[in-house]
Amino acid sequence: MTRLPLMAGNWKMNLNHVEATGVVQKLAWTLADYRYDKKLCEAAVIVPFTDIRTVQNLVQGDRLPLVFGAQDVSLYDSGAYTGEVSAPMLAKLDCTYVVVGHSERREYHGETDEIINAKAKKVLENSMTPIICVGEKLDIRKEGTHVEYVLAQINGVLDGLSSEQVGAAVIAYEPVWAIGTGEVATPEDAQEVCGAIRTRVEELFGSDASQSVRIQYGGSVKASNVVDIMNQSDVDGALVGGASLDPEEFARIVTFYGR
Ligand code: 13P
């Protein structure tokens, strides 16, 4: 089974919808310059809610070789939840991906594995693909219990999903100590945890699911380190923060296979 690599640029709370237009256009031109082939790697931008409609118009209007998605989703479909955005709303905007459980949501918004599991189910019920985030903080890494810690998160965030749903999902392993710090996990560190996640998925959901689920690494990924990370057998892509705001750098990450 060959899994199509997925490079997803998580813009976080950066770039308004006017700026988004410029970045997406420049990304598309640069990818064309690099002779990007979407059969070799999928490229996604994960943008603020306020940018989605603009990005949708650009991607669909100009038939750009990109997909797009959101950074979070409500637990509810509609109703009195001021400030929330629902999965049906995101599906209506043709979002392909929705990130759930990013460490910044866990840290600043108290999201638990249980909440993240419920959000992942909402995304799947609405025919979109969740990018489900897990990862340990520095104290856990220093203790050496990071593999058990992340596998406990996996048990929680995937609870109650079907094998087919897990096989169609994306899991992002993002060690919190490597996010935005310039401190990238070594390729071996990334493989250790991504491999353990795949084994756990096999134990829980069977080998079809474990062979088709895509597992990304995230944390200070750049054009200069992506090739070594992608050479690891259980790493199927990257969730890229800071480097995805620079279209030139992100285009080089997306076309890692040519280097
Ligand atoms: P950086 O690439 O900026 O370290 O961010 C990683 C991340 O959190 C992507 O979701």
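Rules and cut-offs
- Each chain has its residues counted from 1, following the order in which its sequence is written.
- Whole-chain, interface and lining totals are the exception, using all residues; otherwise, since this is a predicted model, local features are given only for residues with pLDDT of at least 70 and side-chain atom pairs are given and counted only at 80 or more.
- Note: side-chain values were computed over all heavy atoms of the structure, leaving out hydrogens and water.
- Under the DSSP-based scheme used, a helix requires at least four consecutive residues in state H or I and a strand at least two consecutive residues in state E, with every element numbered from the N terminus.
- Throughout, the radius of gyration refers to the C-alpha atoms, and the reference size of a globule is 2.2 Å times the residue count to the power 0.38.
- The cut-offs for exposure are 20% and 50% of the maximum accessible area for each residue type, with area from a 1.4 Å probe on protein chains only; residues under the lower value are buried, those over the upper are exposed, and the others partly exposed.
- Whether two residues touch is decided by their heavy atoms; if any such pair falls within 4.5 Å, the residues are in contact.
- Surface accessibility in these figures is a Shrake-Rupley result with a 1.4 Å probe; residues are shielded only by whichever protein chains are displayed.
- The rule for a residue being near a molecule or strand is that one of its heavy atoms must lie within 4 Å of it.
- Contacts described as polar in this section are N or O atom pairs within 3.5 Å, which, within protein, must combine one atom able to donate a hydrogen with one able to accept it, while residues neighboring in sequence count only if both atoms come from side chains.
- Residues are grouped as follows: nonpolar covers Ala, Val, Leu, Ile, Met, Phe, Trp, Tyr, Cys and Pro; charged covers Asp, Glu, Lys and Arg; every other residue, Gly included, is treated as polar.
- Here, the term nonpolar core denotes a set of buried Ala, Val, Leu, Ile, Met, Phe, Trp, Tyr and Cys residues that are joined through side-chain atoms within 4.5 Å.

K.L.:
Explanation requested: the overall build of the chain in the structure shown.
P.N.:
A count of helices and strands for the chain gives twelve helices and eight strands. Compactness check: the chain gives a C-alpha radius of gyration of 17 Å against a globular reference of 18 Å for 259 residues, within 12% of the reference. Considering only C-alpha atoms, the chain reaches an extent of 50 × 45 × 35 Å along its principal axes. In the chain, buried positions account for 54% of the 259 residues. Considering only intrachain contacts with a sequence separation of at least 6, the fraction spanning at least 24 residues in the chain is 74%. For the chain, the computed accessible surface area is about 11500 Å², with 50% contributed by carbon and sulfur atoms.

K.L.:
Teacher, can you tell me more about the site of the ligand here?
P.N.:
Surrounding the ligand, one finds 13 residues, the nearest of these being K12, H102, G180, S220 and G242. For the ligand, an oxygen atom lies 2.9 Å from a polar atom in the side chain of E174. Backbone polar atom of G241 to an oxygen atom of the ligand: 2.9 Å apart, as the coordinates give it. A total of 310 Å² of accessible area belongs to the ligand in isolation, and the protein chains cover 94% of it. Residues that form the shell around the ligand fall into these classes: four nonpolar, seven polar and two charged.

K.L.:
Would you mind going over the nonpolar core with me for this structure?
P.N.:
M7, L90, L158, I197, V201, Y217 and I253 are the most contacted members of the largest nonpolar core, which has 74 residues in total. Once you skip the residues sitting within four places of it in the chain, M7 turns out to touch C41, E42, A43, A44, V226, M230, G237, A238, F250, I253, V254 and F256. Counting residues in hydrophobic clusters, the runner-up holds eleven residues, among them V99, C133, V170 and L239.

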